[in-house]
Structures are given as structure tokens and as C-alpha cells.
Amino acid sequence: MAKEKSIFVCSECGGTSPKWLGKCPSCDAWNTLVEQSAASTGASGGNNRFGTTQFASLAGASELMLLSEIEAVDVARTPTGLDELDRVLGGGIVAGGVTLIGGDPGIGKSTLLLQAVDALQRAGQNALYVTGEESGAQVALRSRRLGLAQSQVQVLAEIQLEKILATLDASRPAIAVIDSIQTVYSDQLTSAPGSVAQVRECAAHLTRFAKTSGTAVVLVGHVTKEGALAGPRVLEHMVDTVLYFEGDTHSSFRLVRAIKNRFGAVNEIGVFAMTERGLKGVTNPSAIFLSQHSEPVPGSVVLVTLEGTRPMLVEIQALVDNGGPSPRRLSVGLDRDRLAMLLAVLHRHAGVACMDQDVFVNAVGGVRIGEPAADLAVMLSITSSLRGKPMPRGFIAFGEVGLAGEVRPAPRGQERLREAAKLGFSVAIVPRANAPKKGAREFEGLAIHPVDRIEEAMDVVRSLA
């Protein structure tokens, strides 16, 4: 059978060329020609990117419906058997859903997915594991190490898209894992596996199969040096769910974070511990992000952060030391630019100067904190280190700090305080808008100090020390 021809289409004007050129012959734009299959671009439409041939099959396929008349039905989910993964997915896998999971090499993506498909297979769901980076023997060796010697998961070692789709169509599994999408290639394109055209076309075909057959497809994606998913950004738009695998390879803990989820909440996280038998869910993640000090130490403040729907306690550590003519500002797990802004607010409104000091801030446990509710904890930890005086035992803080020195409320403050009280914390400095109503019994044992400005927070800290 003759190989289908490919053409190059300009992403700016839609013009076509039979071969790759540095400059588009239609609009003179540079580096905009991308290889596509001639059949998928509607080549008979000439240079018209909206050629009728490409969309002829879609004409009259659906009728207009009023939004109020469409029946809203909850999506059925199938639990994977891993509670932390189900939390991130929104309750389990969805029939016909496409999930993209990325992470650094060796972080545990293949291990987690192999455990998940084995649990689904044991629950009676037909599962298929397509490996393009390893042989079937290597996958079997991993399953033995994970204690899955009797696993009935079907394994296919293949990287050609047409053969993978033929196997999927013949077996119709409930879930199919493609490890990884960067190794899959289509015969319709001449470019190498992993190129922009190959990744986009292969992902589009697999997504189309998932929607028409009801098979849940999980795509494993590579990441770049900066940690972003490799390939075209349209890959993230195609799929229903995007998961990022985070964590330090030198640590035994891993975080799975949902960046996009059409069937659940975003920014949910699942916490796993890497063991000899694979990844195990951590039911109380707050414990792993808190250091065990026999006595309170200067520069340490516990923050109640919110990851999705889960309140989590994280220790913020700061070290302020004598600097040279060019003092350093370094943060790990926090935004460095925001640290510089907080130091300026601390100097202007609280009278705490660090202009000749090196300032180092770290979120313990390798967790990354992106919400501004960490501002107050960061500023209090810097002040504690600079003064050399520790916070009292059982102290927590959270709240956003503005450039005018005001302490703004954090979302879902009651849940944060409830989590801190449950874990035995006794003192809290919070924004006044997050303070509970008088007589609230659920916070008994937790002395809450509401503040409106950073100056008030510093006065409260001095009275507690």
C-alpha cells in the first residue's frame, strides 16, 4: 500500500507547500510551515485552510439544542484502586477520557500507571499497556519488583500508530496506557518520532479513538529541561486531563498535581511515597512536610496552604545572614520575585531592614507553593531568623500581604484553621476576615490572633516571644 503524501501547512495563513521552506511562500512568515498528512488537511481545497473536503463529513451531523433542555448527567467513574490517584483524577477514570501525565525521567510515571492498570485488571476491567520505550521483558521485570507477578495486564511493545490503533480496535480495552506519546509515529508523516507533527497527529488519532470507542487512554509525556511538557502546547488542549509528576528523585515522596481536568477540580494533588513495592499513597501528607524539632528554632514558621480541596501544613524556613555588597535572595519552592517584594514591604511598613543581609527561604519537603497566602508566613520566618528568636511551639500563620502592608484574607480560611486545630496547633496569626465567629467550639485550644496589617502581626509576634 502506497504511503500517503504529506504537505507543509503555514500556521499563520494556512498556505501549503509540497516541501519544507524557511519562509512561507504565501505570507512570507518565517518558520511557520508544519508537516501534516495530505489527507487530513483537505488538500483539494488548495491554499484555503477551510477547504470543504476536510469538514464535509461533519455537515449536518448534529442539530441545535437549547442549553436548558440538555440533560446534565454526572460522569460515571471507575476507581483505579489507588486512592491518591483517584483524588487527583476527581474520583477515578472516565470512559472515553484522555489523560496526559508528564514528569522528569525516573520519577515514577510508568511505575504508577503499571500499578493502576493492574488494579483495574483485578477489578475486572480489561487493560492494555503499550510500551514504546521498553521491551515486554523489561515491563515484566518491573512488575515482578512491584509484586505483580501474576498480573493479567496485556502488554504491547509497538510504536507504529496504525498497528496500535488496530490492536486497540480489536481488543477494545477499558483503559489503554501509551508509554510514551513521543515514541509513537505514523506512517502518514515522514518526520521522526517525537517531532511536533508526529506528536500532534498521533495524539489526535488516539483521542479520536477514545471518544468513539469509550476506551480511557492515558498518554505518558516527556518534559523539557524547564520541566514543561515536551511537544506542541496543543497536546495539552487536546486531552481531558493533564497531570504533572513532581518531586525530588533523591526523596522518597512524590506529588501528582492536576493542572487541567474537565471532569474534576484542578490543582488537586496526590501524595505518594516510593517504596520497594512501588508507590504507596500518603493519607496524612502534612506530616512529611513538617520538620521534627525537639525545641522551636528561629526562622521556622508553619503555613497552612491549600492544594485543590486539601488543606496541607508546610514548614517555611528562612535564614538571614550577613551579606556582602550584593546580598543574595534565594527561594526554593516559592517565587523569587515575590520574595523580593515581601522584603520591600517588610522594610517599608514593619521597619525590618534586610538590605545588607543574605536571605534564603525554603519550603520543606520539596513542595512548590504558588498561592499568595504564604506571604505572612514567609515574612514572619524572615523576621524570626533576623532576630534570632523562635516562634512559640504550635504556631501557624497564613495570609496574603499587599504592597500597602495590609493582610488580605486567604480563601477557605476556616478549613485551614480546622486542619491546624485537628493536628494540635495552639497559636495562629490570620487575616481578620478569616477569623472564626466568637464561640466557635471547633477551634478550641487554638488561640487565634486576627490582624489587619503587617505591623499588627509583628506586634503580636513580639508579645508571644
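Look a little higher up for the structure.
These numbers were taken from a predicted model, which means no experiment stands behind them.

Definitions and limits used
- Residues numbered from 1 in each chain as written.
- Predicted model: local features only at pLDDT ≥ 70, side-chain atom pairs only at ≥ 80, totals over all residues.
- Heavy atoms only, no water.
- Helix = DSSP H or I, 4+ residues; strand = E, 2+ residues; numbered from the N terminus.
- Buried < 20%, exposed > 50% of the residue type's maximum accessible area, 1.4 Å probe, protein only.
- Contact = heavy atoms within 4.5 Å.
- Areas by Shrake-Rupley, 256 points an atom, 1.4 Å probe, with all protein chains shown as cover.
- Polar contact = N/O pair within 3.5 Å; in protein donor to acceptor, adjacent residues only side chain to side chain.
- Pairing = 2+ DSSP bridges.
- Axes fitted to C-alpha atoms, helices over the stretch in contact; angles between N-to-C directions.
- Salt bridge = Lys/Arg side-chain N within 4 Å of Asp/Glu carboxyl O.
- Left-handed = near helix turned anticlockwise from the far one by under 90°.
- Nonpolar A, V, L, I, M, F, W, Y, C, P; charged D, E, K, R; others polar.
- Phe/Tyr/Trp six-rings, centres within 6.5 Å; stacked < 30°, edge-to-face > 60°.
- Lys NZ or Arg CZ within 6 Å of the ring centre and 35° of its normal.
- Expected span 1.5 Å × (residues − 1).

Draft legend 1. Quick peek at the overall build of the protein chain. Helices and strands together make up the secondary structure of the protein chain, namely 11 helices and 23 strands. A principal-axis box enclosing the C-alpha atoms of the protein chain has dimensions of 80 × 60 × 55 Å. Burial analysis of the protein chain (465 residues in total) assigns 48% to the buried set. Here the contacts in the protein chain between residues at least 6 apart in sequence split such that 66% fall between residues at least 24 apart. When the accessible area of the protein chain is evaluated, it comes to approximately 22500 Å², of which 52% is carbon and sulfur surface.

Draft legend 2. Fine view of the environment of Thr283. Looking at the element boundaries, Thr283 is found in the loop between strand S14 (278-281) and strand S15 (300-307). For the pair Thr283 and Asp83, spaced 200 residues apart in the sequence, the C-alpha separation amounts to 8.8 Å.

Draft legend 3. Region of the structure containing the side chain of Ser143. Looking at the element boundaries, Ser143 is found in helix H4 (residues 136-145). Side-chain polar atoms of Ser143 contact the side chain of Arg144, separated by 3.1 Å. Those residues in contact with Ser143, other than ones at most four positions away along the chain, are Leu114, Leu148 and Ala149.

Draft legend 4. Examining the sheet that holds strand S8 (residues 154-157) more closely. Strand order in the open sheet formed by nine strands is S8-S7-S9-S10-S6-S11-S12-S13-S14, and the pairing between neighbours is mixed. Two strands in the sheet have a free side with no partner beyond their single neighbour: S8 and S14. Going across the sheet, the axis of each strand differs from the next one's by a mean of 25 degrees, ignoring polarity. The pairing of strand S6 (residues 98-103) with strand S11 (residues 241-246) spans five bridges and is parallel. The partner of Gly103 across the bridge, within S11, is Phe245.

Draft legend 5. How the structure looks around unusual backbone geometry. Asp179 connects to Ser180 through a cis peptide bond whose omega is 5 degrees. Looking at the secondary structure, you find Ser180 in the loop between strand S9 (175-179) and helix H6 (196-213). Phi angles above zero are rare outside glycine, and Asn31 is one such case at about 55 degrees. Within the secondary structure layout, Asn31 lies in the loop between strand S2 (16-17) and strand S3 (33-37). Positive phi, normally seen in glycine, also occurs at Arg172, with a value near 45 degrees. Take Arg172: it is sitting in the loop between helix H5 (161-171) and S9. We classify Arg172 as partly exposed; its relative accessible area is 44%.

Draft legend 6. Seen up close, the pattern of salt bridges. Considering all chains together, one arrives at 20 salt bridges under this definition. The shortest N-O distance in the salt bridge between Arg393 and Glu295 comes to 3.5 Å. Here Arg393 is found in the loop between helix H9 (375-387) and strand S19 (395-397), whereas its partner Glu295 is found in the loop between S14 and S15, with 98 residues between them in sequence. Among the ionic pairs, Arg462 bridges to Asp459, the shortest N-O distance being 3.2 Å. Remark: Asp459 and Arg462 occur in helix H11 (residues 454-464); sequence separation between them is three residues, near one turn of the helix. One network of salt bridges, in which partners are shared, links Arg338, Asp375, Glu400, Glu406 and Arg408.

Draft legend 7. Structural view of the environment of Leu128. If you trace the backbone, Leu128 turns up in strand S7 (residues 127-131). On the basis of relative accessible area, Leu128 is assigned to the buried category, the value being 4%. For Leu128, the contacting residues outside a window of four places in its chain are Gln154, Val155, Leu156, Thr167, Leu168, Ser171, Pro173, Ile175, Ala176 and Val177.

Draft legend 8. Spatial organisation of the pairing of strand S1 (residues 6-10). By the criterion of burial, S1 is predominantly enclosed, with five of the five residues buried. Bridge count for S1 against S3 is five bridges, and the pairing is antiparallel. Note on S3: the bridge partner recorded for Ser6 is Ser37. Direction of pairing for S1 relative to S2: antiparallel, over a ladder of two bridges. Paired with Phe8 across the bridge in S2 is Ser17. Between S1 and S2, which pair antiparallel one after the other, the connecting turn spans five residues, and Gly14 there sits at a positive phi close to 85 degrees.

Draft legend 9. Structural view of the packing of helix H8 (residues 336-350) against H9. Two elements in contact, H8 and H9, have axes whose closest approach is 10 Å; the angle formed by their N-to-C orientations is 65 degrees. As for the relative orientation of H8 and H9, their crossing is right-handed in sense. Between H8, through Arg338, Leu339, Leu342, Leu343, Val345 and Leu346, and H9, the contact on the second element is made entirely by Asp375, Val378, Met379, Ile382 and Thr383. When the residues that make up the contact of H8 with H9 are grouped by side-chain class, the tally is eight nonpolar, one polar and two charged.

Draft legend 10. Up close: the pairing of strand S16 (residues 310-322). In this structure, S15 lies alongside S16, joined through eight bridges in antiparallel fashion. Counterpart to Leu303 in the pairing with S16 is Val314. Here S15 folds back onto S16, and the loop between the two strands holds two residues, one of which, Gly308, carries a positive phi near 70 degrees. Relative to strand S18 (residues 357-363), S16 runs antiparallel, the two being bridged by seven bridges.

Draft legend 11. Region of the structure containing the packing of aromatic side chains. Under the counting rule described, the total for this entry stands at zero aromatic pairs. One residue, Arg416, lies across the ring of Phe398, its end atom 5.5 Å from the ring centre.

Draft legend 12. Local environment of H6. An ideal rise of 1.5 Å per residue puts 26 Å on 18 residues; H6 measures up with 26 Å between its terminal C-alpha atoms. Restricting attention to buried positions, one finds in H6 the residues Ala197, Gln198, Val199, Arg200, Glu201, Cys202, Ala203, Ala204, Leu206, Thr207, Phe209 and Ala210. On the buried face of H6, the contacting elements are S3, S6, H5, S9, strand S10 (216-221) and helix H7 (234-238). Note on H6: the residue one or two positions beyond its end, Gly214, has a positive phi of about 90 degrees.

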